Amino acid sequence: MAFEMPLVMIGLTYLRIVKASTWRNYWRWGVLVSFIIAWIISPGTTGGVMETIIGLSLSSLYFLGMGISFLLEKKRKS
C-alpha cells in the first residue's frame, strides 16, 4: 500500500486539494516518512540494508509523484 504513494499524490493534485509546490516544499518530510515506513515494514533485522533499499524506493516514488504533479499542473494551465 505504501508503494501507491504517487497515485495518491497525483490524485490529490488532480482534485486541486494539494498543489504541486506543496509537495516540493515538504520533500524533506516525504523522505523522512518514507524511511520511517521502510523501518516499520522491513522484515526482521537485516543490518539496515533492506530498510535503506525500501526507504530509497519510497523516496524515489515520492519524487516521481511530485514530478508528475508538476506536469499535471503545467498541462492544466496551458
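In short, a report on the structure. Fair warning: this is a prediction, and the values are worked out from it, not measured in the lab.

### Digging into the environment of phenylalanine 63
Consideration 1: Looking at where phenylalanine 63 falls in the secondary structure, it is placed in helix 4 (residues 49-77).
Consideration 2: Ignoring any residue separated from it by four or fewer positions in sequence, one finds phenylalanine 63 in contact with Trp27 and Val31.

### Describing the packing of helix 1 (residues 5-14) against helix 4
Consideration 1: Viewed as axis vectors pointing N to C, helix 1 and helix 4 meet at an angle of 25°, and their least axial separation amounts to 8 Å. In terms of orientation, helix 1 lies roughly parallel with respect to helix 4. When the axes of helix 1 and helix 4 are compared, the crossing they make is right-handed. Counted together, Met5, Pro6, Met9, Ile10, Thr13 and Tyr14 of helix 1 and Leu58, Leu61, Tyr62, Gly65, Met66, Ile68, Ser69, Leu72, Glu73 and Arg76 of helix 4 form the full contact between these two elements.
Consideration 2: Of the residues assigned to the contact of helix 1 with helix 4, the class counts are eleven nonpolar, three polar and two charged.

### Details of the packing of aromatic side chains
Aromatic rings in a pair are described by how distant their centres are and how their planes are angled relative to each other.
Consideration 1: Under the definition given, this model contains three aromatic pairs.
Consideration 2: For the pair tryptophan 23 and tyrosine 62, a centre-to-centre distance of 6.3 Å together with 85° between the ring planes defines the contact as edge-to-face. Residue tryptophan 23 is found in helix 2 (residues 20-25), and its partner tyrosine 62 is found in helix 4; the two are separated by 39 residues along the sequence.
Consideration 3: A relative accessible area of 15% means that tryptophan 23 is categorised as buried.
Consideration 4: Look at tyrosine 62 and phenylalanine 63: their rings are 5.8 Å apart centre to centre, the planes differ by 85°, and that puts the pair in the edge-to-face class.
Consideration 5: Assessed through its relative accessible area of 4%, tyrosine 62 is described here as buried.
Consideration 6: The rings of Trp23, Trp27, Tyr62 and Phe63 are connected pair by pair, giving a single aromatic cluster.

Conventions adopted
Residues numbered from 1 in each chain as written. Predicted model: local features only at pLDDT ≥ 70, side-chain atom pairs only at ≥ 80, totals over all residues. Heavy atoms only, no water. Helix = DSSP H or I, 4+ residues; strand = E, 2+ residues; numbered from the N terminus. Contact = heavy atoms within 4.5 Å. Axes fitted to C-alpha atoms, helices over the stretch in contact; angles between N-to-C directions. Parallel < 35°, antiparallel > 145°, perpendicular 65-115°, else oblique. Left-handed = near helix turned anticlockwise from the far one by under 90°. Nonpolar A, V, L, I, M, F, W, Y, C, P; charged D, E, K, R; others polar. Phe/Tyr/Trp six-rings, centres within 6.5 Å; stacked < 30°, edge-to-face > 60°. Buried < 20%, exposed > 50% of the residue type's maximum accessible area, 1.4 Å probe, protein only.

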